[in-house]
Amino acid sequence: MGFARTCSVALVGVEGVVVEVQADLEPGVAAFTLVGLPDKSLAESRDRVRAAVVNSGDTWPQKKLTVGLSPASVPKSGAGFDLAIACAILGAAERIDPRELTDLVMIGELGLDGRVRPVRGILPAVLAAAEAGYEQVVVPEQTAAEAGLVPGISVLGVRSLRQLVAVLTDEPVPEEEPAEKGRPDAMLAGLVVPGAGAGTGLSPGPRDTDLDLVDVAGQHAARAALEIAAAGGHHLLLSGPPGAGKTMLAERLPGILPPLTRQESLEVTAVHSVAGILPPGEPLVRRAPYCAPHHSATMQSLVGGGNGLPRPGAVSVAHRGVLFLDEAPEFAGKALDALRQPLESGHVVIARSAGVIRLPARFQMILAANPCPCGRHTLHGAGCECPASMIRRYQARLSGPLLDRVDLRVEVEPVRREDLLGGGGRGEPSALVAERVLAARERTARRLTDTPWNSNSEVPGHELRTRWLTAPGALTGAERDMERGLLTARGLDRVLRVAWTIADLAGADRPDEGHVALALELRTGISRGTPIPAGSMP
């Protein structure tokens, strides 16, 4: 009887669970049994592994073979266990010393010819291995750079099963023919989910450096709100007629956000690796992602879902970045209301029959909406014929509880002729705005040192009311609005967060009455005579 074991990783959402792969050979009729709650694609590994071992020049053991994946209670899916199964079998057949396999974690799919193909989710899998105390992992050569992002772990990238066997048996490592230059590498197909291109909205969006705020004509109030949203991580609603520049403003928000920290980059890269949208050759995402799903998106595509264990949705793809919902009233009400919980908690908990998973979802939401179905309701002399009842129903598609979680609400005015054609309405470029945003973020970070929060939008209202106090008399207007019913308790907390962001942009030690008044105006839409910050003027 022969026995060997090694390890691999099963992904549950974006978290990994180390799985022990055990192979047992016994005398008897030749058979191959795979146990441990595998799915269909993993059950098919029996044929892939057998062909890969034979085509790699090794002999397939003609005995009763049982491969177990432990713990058996964890659902296991995908082809990433192939490499570990093949090596465990060769260890049980004494082709490889079983002691060489015990402390290794192996991740990779096997082709029928023995080549090791890359799979999605390498980064979260290697992170799980490192947290479990393992120090050596074997991954496909194409994903070695992604695995190498995890500190304190040794990564071996292999191109074929033959190479790995040679390394483990101290034999000369054979050379594998590289892919022909100029031809697409078919091995990379496993890293990308079919249909997950930029057009689906489930991928990082505008990365073009040509998207600059200087292209936006006029819209000084909206530009100021965008800068405040970037500095504090606040949610924003842009309401106005078609063609006013709502989409242009939202697309340029990632360009003024600070670069991701190392920890944030690892979080975003892990999600994108599992979702299958990590660009080849770019193992680490350093810029804030941007996700803009179409208004026909379902609730599952927004918050996560799918057959079996749920997969990351748009809110997770936009983690640490921007989620832009254009034509927001056209989204299904059920899908919009599903965003309430992640907007508050920063994560999504999805329960399905196959299991319960938690996905990260700390994003900035930007909503764009027209005033009525035809979009001409607020334009003078534009001929809007929408009945008042239709306008009320259209605007009510954005529910009150959802809007209560939006910090900034700005009416985007139509672009004036002199701003568009005269050139006098051009504002500052993104680079200058980004410098002010970064300075405000650094000021916030210094204040929030030794706390679990990184931006003003994350600070609980209780802390803002008791720990970081505003100037005396600054909350008089907010208290009056609460008495009139214009502000809820949650609304007051969000006004305080915005006021602290405005104070950070202005370099003030704490918010004064003017900062709170501007925050109230940006939330309620009621003019209070507060001037727009000078830095946002052209």
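Residues numbered from 1 in each chain as written. Predicted model: local features only at pLDDT ≥ 70, side-chain atom pairs only at ≥ 80, totals over all residues. Heavy atoms only, no water.

(A) The overall build of the chain, seen in detail. The helix and strand tally for the chain stands at 21 helices and 16 strands. Counting across all 538 residues of the chain, residues that qualify as buried make up 50%. In the chain, 72% of the contacts between residues at least 6 apart in sequence involve partners at least 24 apart. (Helix = DSSP H or I, 4+ residues; strand = E, 2+ residues; numbered from the N terminus. Buried < 20%, exposed > 50% of the residue type's maximum accessible area, 1.4 Å probe, protein only. Contact = heavy atoms within 4.5 Å.)

(B) Main features of a nonpolar patch on the surface. A surface patch of nonpolar side chains, about 200 Å² in accessible area, is lined by Leu 156, Val 167 and Val 173. Mapped onto the fold, Val 167 is located in helix H6 (residues 161-168). For Val 167, a relative accessible area of 36% puts it in the partly exposed group. (Patch = residues over 30% accessible without salt bridge, like charges linked within 9 Å, V, L, I, M, F, W, Y side chains within 5 Å. Areas by Shrake-Rupley, 256 points an atom, 1.4 Å probe, with all protein chains shown as cover. Salt bridge = Lys/Arg side-chain N within 4 Å of Asp/Glu carboxyl O.)

(C) Quick look at the confidence of the model for the chain. Residues at a pLDDT of 70 or more form 90% of the chain, whose mean pLDDT is 87. Of the regions scoring below 50 in pLDDT, residues 197-208 engages in 30 contacts with residues more than four places distant in sequence or in other chains. Here residues 534-538 scores under 50 on pLDDT; set against residues more than four positions off or in separate chains, the count is 13 contacts. (pLDDT = per-residue confidence, 0-100.)

(D) Layout of helix H4 (residues 122-131). Of all the 10 residues making up H4, seven are buried; the element is thus mostly covered by neighbouring parts of the structure. Among the residues of H4, those classed as buried are Ile 122, Leu 123, Pro 124, Ala 125, Val 126, Ala 128 and Ala 129. Of the residues one or two after H4, Gly 133 is the one with positive phi, at around 100 degrees.

(E) Spatial organisation of helix H21 (residues 513-524). When the terminal C-alpha atoms of H21 are compared, their 16 Å separation across 12 residues agrees well with the 16 Å that a helix rising 1.5 Å per residue should span. Every buried residue belonging to H21 is among His 515, Val 516, Ala 517, Leu 518, Ala 519, Leu 520, Leu 522 and Arg 523, and all of these are buried. Looking at the buried positions of H21, the neighbouring elements they touch are helix H7 (220-232), helix H15 (400-403), strand S16 (408-411), helix H19 (476-484) and helix H20 (489-506). The N-cap residue of H21 is Asp 512: its side-chain oxygen and the backbone nitrogen of Gly 514 are 3.1 Å apart. Where H21 terminates, the next one or two residues include Gly 525, which has phi positive at roughly 80 degrees. (Expected span 1.5 Å × (residues − 1). Polar contact = N/O pair within 3.5 Å; in protein donor to acceptor, adjacent residues only side chain to side chain.)

(F) Region of the structure containing the packing of helix H3 (residues 82-92) against H6. At their nearest, the axes of H3 and H6 sit 11 Å apart, and the two run at 45 degrees to each other. Accordingly, the angle class assigned to the pair H3 and H6 is oblique. Crossing geometry of H3 relative to H6 is assigned as right-handed. Only Leu 161, Leu 164 and Val 165 of H6 make contact with H3, whose side of the interface consists of Leu 83, Ala 86, Cys 87 and Leu 90. Of the residues in the contact of H3 with H6, the class split is seven nonpolar, no polar and no charged. (Axes fitted to C-alpha atoms, helices over the stretch in contact; angles between N-to-C directions. Parallel < 35°, antiparallel > 145°, perpendicular 65-115°, else oblique. Left-handed = near helix turned anticlockwise from the far one by under 90°. Nonpolar A, V, L, I, M, F, W, Y, C, P; charged D, E, K, R; others polar.)

(G) Expanded view of the environment of Pro 258. Note on placement: Pro 258 falls in the loop between helix H8 (246-251) and helix H9 (262-275). What makes Pro 258 buried here is its relative accessible area of 17%. Measuring from C-alpha to C-alpha, the distance between Pro 258 and Glu 442 comes to 9.9 Å, with 184 residues separating the pair along the chain.

(H) Geometry of the sheet that holds strand S15 (residues 364-369). One open sheet accounts for five strands, arranged S11-S12-S15-S10-S16; its pairing is parallel. The open sheet terminates on both sides in strands that have one partner only, identified here as strand S11 (290-291) and S16. Pairing of strand S10 (residues 236-239) with S15, which is carried by four bridges, proceeds in the parallel orientation. Paired with Leu 238 across the bridge in S15 is Ala 368. (Pairing = 2+ DSSP bridges.)

(I) Representation of the nonpolar core in the model. Ranked by internal contacts, the top residues of the largest apolar core, which has 47 residues, are Leu 236, Leu 238, Leu 253 and Ile 366. The greatest single-element share of this core, amounting to seven residues, is contributed by H7. In this view, Leu 236 contacts Ala 225, Leu 226, Met 365, Ile 366, Leu 367, Val 406, Leu 408 and Val 410; residues no more than four positions away in its chain are not counted. Counting 39 residues, the second-largest nonpolar core is a separate cluster that includes Val 49, Cys 87, Met 106 and Val 138. (Core = buried A, V, L, I, M, F, W, Y, C linked by side-chain atoms within 4.5 Å.)

(J) The pattern of salt bridges, seen in detail. Under the criterion given, the structure shown has 27 salt bridges. Residue Glu 141 is joined to Arg 159 by a salt bridge in which the shortest nitrogen-to-oxygen separation is 2.8 Å. Placement of the pair is Glu 141 in the loop between strand S8 (136-140) and helix H5 (144-147) and Arg 159 in the loop between strand S9 (154-158) and H6, with a sequence separation of 18 residues. Relative accessible area serves as the criterion here: at 24%, Arg 159 is assigned to the partly exposed category. In this structure, Asp 493 and Arg 465 form a salt bridge, with 2.3 Å as the shortest nitrogen-oxygen distance. Here Asp 493 is found in helix H20, whereas its partner Arg 465 is found in helix H18 (residues 461-466), with 28 residues between them in sequence. Residue Arg 465 is classed as partly exposed on the basis of its relative accessible area, which comes to 40%.

(K) Spotlight on the packing of aromatic side chains. For the structure on display, the rule yields three aromatic pairs. Their ring planes at 45 degrees and their centres at 5.7 Å tell us that Phe 32 and Trp 60 sit as a pair that is tilted. Of the two residues, Phe 32 is situated in strand S3 (residues 31-35) and Trp 60 in the loop between helix H2 (45-55) and strand S4 (64-70); the sequence distance between them amounts to 28 residues. Looking at Trp 60, the relative accessible area reads 12%, which means it is buried. (Phe/Tyr/Trp six-rings, centres within 6.5 Å; stacked < 30°, edge-to-face > 60°.)

(L) Representation of unusual backbone geometry in the model. For the bond running from Ser 70 to Pro 71, omega is 10 degrees, close enough to zero to count as cis. One non-glycine residue, Leu 37, lies in the positive phi region at around 65 degrees. Its location among the elements puts Leu 37 in the loop between S3 and helix H1 (40-43).

(M) Molecular detail of the state of the cysteines. Taken as a whole and judged by the stated rule, the model has zero disulfides. Unpaired in this structure, Cys 372 has its nearest cysteine sulfur neighbour in Cys 374, at a distance of 3.4 Å. Left unpaired, Cys 386 is separated from the closest cysteine sulfur, that of Cys 374, by 3.6 Å. Cys 386 gets classed as buried once you look at its relative accessible area, which sits at 16%. (Disulfide = S-S within 2.5 Å.)

(N) Examining the environment of Leu 90 more closely. Within the secondary structure, Leu 90 sits in helix H3. In the structure, Leu 90 is positioned 32 residues away from Asp 58 in sequence and 8.6 Å away in space, judged by C-alpha atoms.

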